[in-house]
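Here's the letter readout for the chains.
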Amino acid sequence: MASTCPTMEVIVADNASTDDSVSFLQQYYPAVRIIQLDRNYGFAGGYNQALKQVKSDYYVLLNSDVEVEPGWIEPILALMEKDPTIGACQPKIKMYANKELFEYAGAAGGWLDYLGYPFARGRIFDVLEKDIGQYDQTEPIFWAGGCALFVRAELYHQLGGMDTYFFAHQEEIDFCWRLQLAGYKVYVCTDSVVYHLGGGTLPKGNERKVFLNFRNNLIMMAKNLPAGQMAWKIPFRFFLDTISAWKSLLAGEGVYFLAVLEAHFGFLKWLFFKRKQSVFPIRKGGKVEGWYGHSIVWQYFVAGKKTFSEIVNGKK
């Protein structure tokens, strides 16, 4: 194993897999502790169930499709030990298939625009930037990628962990939002680098993936925004999502169109009947970082700006 941290314990949480994962680990990595769950709880619920059985100061939530380098853990632990207000942190996340590029799920640190659209330093929608050191600053961000997420164990449980209603997709953004509202910070530590394959939970373009992304994003906004902002931003997002859905239908992507409509109905179902199943912020008084007070959609599709530096920093 590439990780060199002397105090770590490697634990594999098996989300009721149906392949030979468990037998492979037992045969070739007998020292690895395996937590076998009785059913597939999804990304969010699987971590919540497994981490109930893990005692530690820090958790590193690491996907099975991530390649790490020696020494990737130590810089992040040093940063979090130095500043106890940092509740969660991520390394720089790059693409496994092309290690010059940032990776979709976190890149050099996640941000959120004022309408709830997530983006990252090095990734705007589907545009991935080449890493030339332009985002090598270790700094506060809005959300940390769930594929390699460091979090203080005590805080994880205090905040109720991931929202299991999400099942998968954007649960880490919701968690980081709740973490910040509780008064803690989320950071990216660019002294640490990992390489993510991506698409391991659901492949890109999958109807279920589109549904979860759109539905969970709306739920996240309803949970964490002040009531006055939620009252107008949610309807406006419905309008923008509908435009996106019709555009896809006209382009022959009927599956995408249906998934967005299903997501809207799914959100309304949650709003009126399932809200009690979600984990809400402990309070809403904390300051949030990595918040872009304008529209990423406008900047990307209308103004033609395709990189984080152009949009947030006004640089070419």
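Preceding this section is the structure that the text describes.
Definitions and limits used
- Residues numbered from 1 in each chain as written.
- Predicted model: local features only at pLDDT ≥ 70, side-chain atom pairs only at ≥ 80, totals over all residues.
- Heavy atoms only, no water.
- Helix = DSSP H or I, 4+ residues; strand = E, 2+ residues; numbered from the N terminus.
- Buried < 20%, exposed > 50% of the residue type's maximum accessible area, 1.4 Å probe, protein only.
- Salt bridge = Lys/Arg side-chain N within 4 Å of Asp/Glu carboxyl O.

Caption draft 1: Inspection of unusual backbone geometry at higher detail. Backbone geometry at A107 places phi at a positive 45 degrees, although glycine is not the residue there. Structurally, A107 can be placed in the loop between β5 (86–95) and β6 (110–113). What makes A107 buried here is its relative accessible area of 0%. For Q170, which is not glycine, the phi dihedral falls at a positive 70 degrees. Looking at where Q170 falls in the secondary structure, it is placed in the loop between α4 (153–158) and α5 (171–181).

Caption draft 2: Just the pattern of salt bridges, in detail. On inspection of all chains with the given rule, the structure shows 12 salt bridges. Linking D83 and K185 is a salt bridge whose minimum nitrogen-to-oxygen distance equals 2.9 Å. Taken as a pair, D83 in the loop between α3 (74–82) and β5 and K185 in strand β12 (residues 185–196) lie far apart in primary sequence, 102 residues in all. D241 serves as the salt-bridge partner of R237, at 3.4 Å between the closest nitrogen and oxygen. On the criterion of helical spacing, the pair formed by R237 and D241 is a turn pair, its members being 4 residues apart in helix α7 (residues 227–250). Given the relative accessible area of 2%, R237 is considered buried.

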